[in-house]
Amino acid sequence: MLARVLTWWTILRICIEERLVYRGDFWLGTLMRFLPIVTQIFLWGAVFTGMQAAGGSGARAIAGYSYHDFVAYYLLTTISRAFSSMPGLAGGIALQIRNGEIKKYLIQPVDLLGFLLLMRMAHKIVYYLIALVPFAIVFTLCRGYFPGWPPADVLLAFVVSLLFSFLLGFFLEATLGMIGFWFLEVSSLLFVYMLFNFFFSGHMFPLDMLPAPWNKIVQLVPLQYLAYFPSAVFLQKIEGRELWMGLCIQAAWVLFFMATSRVAYQRGVKRYSGFGG
Amino acid sequence: MQNAIRNPQSEIRNRAIHRPSYFRVFLTFARNSLVRDMLFPANFIIESISSFCWVMMNVGFYLLIFHYTAQIGGGTSDGAAWDKFQFFVFIATSMFINSVVQMFFMTNADEFSDLIRTGGLDFALLKPIDTQFLVSLRKVEWASLANLVVAIALMGYALPRVEGFTLTVWQVLLYPVYVAAGIAILYSLTIVLAALSVWLGRNSSIYDFWFYITTFSRYPMEIYSGRIGGLLRWGFTFIVPILIVVNVPARMLAKPLTREYAYLALFALAATAASLRASRWVFQRALANYRSASS
């Protein structure tokens, strides 16, 4: 047991050191991520101005979100996306299957999913450490848009939902990557996934805005837990029983994809055949 | 005897007269790309569908916005505010321009940075044709045609529904000119960003940068209000003129022409010429600074 923990610790440490090599690009990259939000802030500002100009001063909220809530929501989704997005994970797995690199996990006593998870954790830890500065700058500048810190239990639920969103993002993408065992080319499939993810995770707008039947459909798919759910929890749009139910469903999705990715990997390896030296 | 020794300079001049037919070369590029796409028809269809889905999702998002509001921005729809159908004319124009840029230039600009990094640009430099032409138009992304179809359909739906709309000859004549100007401005930006990889080596954040910058061009310029908004609007009109790209042609169709926008339309022509000139200059500087990657 100790030996295994030691192995995992070593892998994590090496990955962190590897990640720190490329820190130069991070700063600029992270600050630039906030640029599209600038246009969103102005767009929603114009939408609210338009609403008031057309409908008198009565209309001050859309689906329970005020203008300030919208801005706060978009800023919060950058945090939840920072946890749940896994750039290159599914594509990377599929590529390793295609070019045969996956063989090394079959020979070496290292578990593919465990190794990739540790690598992602290392990546994320380094990312948060470096991105803390740009994030702090933007959130301090925009603090006027937030209603203030939520109570401690909501904050705790927010942190838990963020951690779950990391795990959900990881295992969901890993499962998608395993499709590479059955189809050689998965890039177009991944593109379609990315599209749906962008729309139905709540990255584009708060999902409360959706009319029926779409609002029911987004409840049924796990994508909302990647961006919408943590942000809505922080803004206290989801409270009480609904909040705990939400966390339980999110956890259930994590377990589901954990199992699916494991099963898909095992089935896939049985199908897999490698040639050459 | 004198004639037998051929003067190398006149030789070059003679060859210069036999300029390659750029149009025919371009047609060959387009045909080759289509042949390559048709080799993998399933992939082509999936690409077209996903690109179509992306556009439809965006349209869905704007429909959702107009589910809650009658207009975007304050004031009247003749002035600063955009109502639903005017806004859809704007979005359709934006789709026209972006799909053409994607179709002809995006992949090529992307590959241009790769050529610089890998040293493959050597081969492009050796060809007896203008290098900028060659690297800018080598591949045609036929799948983006799906977006163009959506854009036409959206325009056909929205334009007749714009309140008080009557099509004038001037609009018919000037709209294509300004759409072309918008394409030229975006092309200039793309090729400049790609050429920067001669100096920077890496280009990943440049591409993100392109995406982030062009998001500013996606909405009517009136939404940038207030002090910071005003500054953004000024900078993206007069320094990096991407707000002109969609705003000028879209406004030309969707709204009555005011004096302020007539000036902006005049400025747009100057900005287009300046952008093209600047991009040509940067491109040639990049070539002059290019050191082949081999040995």
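This text gives an overview of the structure that appears in the document. (Residues numbered from 1 in each chain as written. Chains lettered and ligands numbered in written order. Predicted model: local features only at pLDDT ≥ 70, side-chain atom pairs only at ≥ 80, totals over all residues. Heavy atoms only, no water.)

Some points on the overall build of chain B
Counting its secondary structure elements, chain B contains 13 helices and two strands. Seen along its three principal axes, the alpha-carbon backbone of chain B occupies a region of about 80 × 45 × 40 Å. A sequence separation of at least 24 residues applies to 79% of the contacts in chain B between residues at least 6 apart. Taking the average location of the 24 positive side-chain charges in chain B and that of its 15 negative ones, the two points are 8 Å from each other. (Helix = DSSP H or I, 4+ residues; strand = E, 2+ residues; numbered from the N terminus. Contact = heavy atoms within 4.5 Å. Lys, Arg positive; Asp, Glu negative; His and termini not counted. Charge placed at Lys NZ, Arg CZ, Asp CG, Glu CD.)

Thoughts on the pattern of salt bridges
Taken as a whole and judged by the stated rule, the model has seven salt bridges over all chains. We note a salt bridge from Arg-262 of chain A to Asp-111 of chain A, for which the minimum N-O separation is 3.0 Å. Linking Arg-262 of chain A in helix 12 (residues 240-271) with Asp-111 of chain A in the loop between helix 6 (103-107) and helix 7 (112-141), this pair joins segments that are 151 residues apart in sequence. The class of Asp-111 of chain A is partly exposed, set by a relative accessible area of 30%. A salt bridge links Arg-280 of chain B to Asp-130 of chain B; its shortest N-O distance comes to 2.8 Å. Taken as a pair, Arg-280 of chain B in helix 13 (residues 259-289) and Asp-130 of chain B in the loop between helix 5 (121-126) and helix 6 (131-137) lie far apart in primary sequence, 150 residues in all. (Salt bridge = Lys/Arg side-chain N within 4 Å of Asp/Glu carboxyl O. Buried < 20%, exposed > 50% of the residue type's maximum accessible area, 1.4 Å probe, protein only.)

Some details on helix 11 (residues 226-239) of chain B
Over its 14 residues, helix 11 of chain B runs 19 Å from end to end, which matches the ideal 20 Å to within 8%, given 1.5 Å per residue. Taken residue by residue, helix 11 of chain B has Gly-229, Leu-232, Gly-235, Phe-236 and Thr-237 of chain B as its buried positions. (Expected span 1.5 Å × (residues − 1).)

Brief notes about the interface of chain B and chain A
On the chain A side, the residues contacting the 33 residues of chain B number 35 residues. Summing both sides of the interface, chain B and chain A together bury roughly 3,000 Å²; the carbon and sulfur share of this comes to 80%. There are zero salt bridges connecting chain B and chain A. On the surface where chain B and chain A come into contact, there are three residue pairs in polar contact (both at pLDDT 80 or more). If you list the elements that add at least two residues to the side of chain B that touches chain A, you get helix 3 (41-68), strand 1 (71-72), helix 10 (204-214) and helix 11 of chain B. (Buried area = accessible area lost by both parts, 1.4 Å probe. Polar contact = N/O pair within 3.5 Å; in protein donor to acceptor, adjacent residues only side chain to side chain.)

A closer look at the side chain of Ser-136 of chain B
Residues and elements named next belong to chain B. For Ser-136, the location among the structural elements is in helix 6. Taking the relative accessible area as the measure of exposure, Ser-136 reaches 4% and is therefore buried. A polar contact is formed between the side chain of Ser-136 and the side chain of Tyr-187, at a distance of 2.7 Å. Setting aside residues no more than four positions away along its own chain, Ser-136 makes contact with Phe-104, Phe-105, Asn-108, Tyr-187 and Ile-191.

Concerning helix 4 (residues 67-84) of chain A
In a regular helix each residue adds 1.5 Å, so 18 residues correspond to 26 Å; helix 4 of chain A covers 25 Å between its end C-alpha atoms and thus fits that length. With 16 of 18 residues buried, helix 4 of chain A is to be regarded as a mostly interior element.

Examining a nonpolar patch on the surface
A cluster of nonpolar side chains, namely Leu-132, Val-133, Ile-137 and Leu-141 of chain A, defines an oily patch on the protein surface of about 400 Å² accessible area. Locating Leu-132 of chain A in the fold gives a position in helix 7. (Patch = residues over 30% accessible without salt bridge, like charges linked within 9 Å, V, L, I, M, F, W, Y side chains within 5 Å. Areas by Shrake-Rupley, 256 points an atom, 1.4 Å probe, with all protein chains shown as cover.)

Regarding the packing of aromatic side chains
The geometry of an aromatic ring pair comes down to the distance between the two centres and the angle between the two planes. Per the counting criterion, the structure on display carries 51 aromatic pairs over all chains. Judged by centre distance (5.5 Å) and plane angle (55°), the ring pair of Phe-198 of chain A and Trp-54 of chain B falls under tilted. With Phe-198 of chain A in helix 9 (residues 187-200) and Trp-54 of chain B in helix 3, this residue pair bridges two chains. Assessed through its relative accessible area of 27%, Phe-198 of chain A is described here as partly exposed. Of the residues examined, Trp-54 of chain B reaches a relative accessible area of 27% and is grouped as partly exposed. (Phe/Tyr/Trp six-rings, centres within 6.5 Å; stacked < 30°, edge-to-face > 60°.)

Focus on the packing of helix 12 (residues 242-254) of chain B against helix 13 of chain B
All names here are of chain B. At a closest axis distance of 10 Å, the pairing of helix 12 and helix 13 adopts a crossing angle of 135°. Viewed along their axes, helix 12 and helix 13 adopt a mutual orientation that is oblique. By crossing handedness, the relation of helix 12 to helix 13 is classed as left-handed. Only Tyr-261, Leu-264, Ala-265, Phe-267, Ala-268 and Ala-271 of helix 13 make contact with helix 12, whose side of the interface consists of Ile-244, Val-248, Arg-251 and Met-252. In terms of residue class, the contact of helix 12 with helix 13 is made up of nine nonpolar, no polar and one charged. (Axes fitted to C-alpha atoms, helices over the stretch in contact; angles between N-to-C directions. Parallel < 35°, antiparallel > 145°, perpendicular 65-115°, else oblique. Left-handed = near helix turned anticlockwise from the far one by under 90°. Nonpolar A, V, L, I, M, F, W, Y, C, P; charged D, E, K, R; others polar.)

Focus on unusual backbone geometry
Residues and elements named next belong to chain A. Going from Ala-212 to Pro-213, the amide bond is cis rather than trans, its omega being 0°. Summarising the element assignment, Pro-213 is placed in the loop between helix 9 and helix 10 (214-220). The phi dihedral of Ala-63 falls on the positive side, at around 50°, and the residue is not glycine. Topologically, Ala-63 is positioned in the loop between helix 3 (35-55) and helix 4. Among the residues examined, Ala-63 registers a relative accessible area of 31% and is labelled partly exposed.

Observations concerning the side chain of Ser-33 of chain B
Here Ser-33 of chain B lies in helix 2 (residues 22-39). Given a relative accessible area of 3%, Ser-33 of chain B falls into the buried group.

Remarks on the nonpolar core
By size, the foremost hydrophobic cluster in this structure holds 173 residues, and its most contacted members are Trp-44, Leu-75 and Phe-205 of chain A together with Phe-61, Ile-72 and Phe-87 of chain B. When residues of this core are assigned to their parent elements, the largest contribution, 19 residues, is made by helix 4 (residues 84-118) of chain B. Phe-205 of chain A has contacts with Tyr-73, Tyr-74, Phe-199 and Leu-210 of chain A together with Phe-61 and Leu-64 of chain B, leaving out every residue within four places of it along the chain. Listed in part, the five residues of the second largest apolar core include Ile-11, Leu-12, Cys-15 and Ala-122 of chain A. (Core = buried A, V, L, I, M, F, W, Y, C linked by side-chain atoms within 4.5 Å.)

Concerning the packing of helix 3 of chain B against helix 4 of chain B
When two helices pack together, their arrangement is given by the angle between the helix axes and the distance between those axes. All names here are of chain B. Between helix 3 and helix 4, the shortest axis-to-axis distance is 11 Å and the interhelical angle comes to 160°. Considering the angle they form, helix 3 stands roughly antiparallel to helix 4. Relative to helix 4, the crossing made by helix 3 is right-handed. Across the interface between the two elements, Val-55, Val-59, Tyr-62, Leu-63 and Phe-66 of helix 3 pack against Lys-84, Phe-87, Phe-88, Ile-91 and Met-95 of helix 4. Tallied by class, the residues present in the contact of helix 3 with helix 4 amount to nine nonpolar, no polar and one charged.

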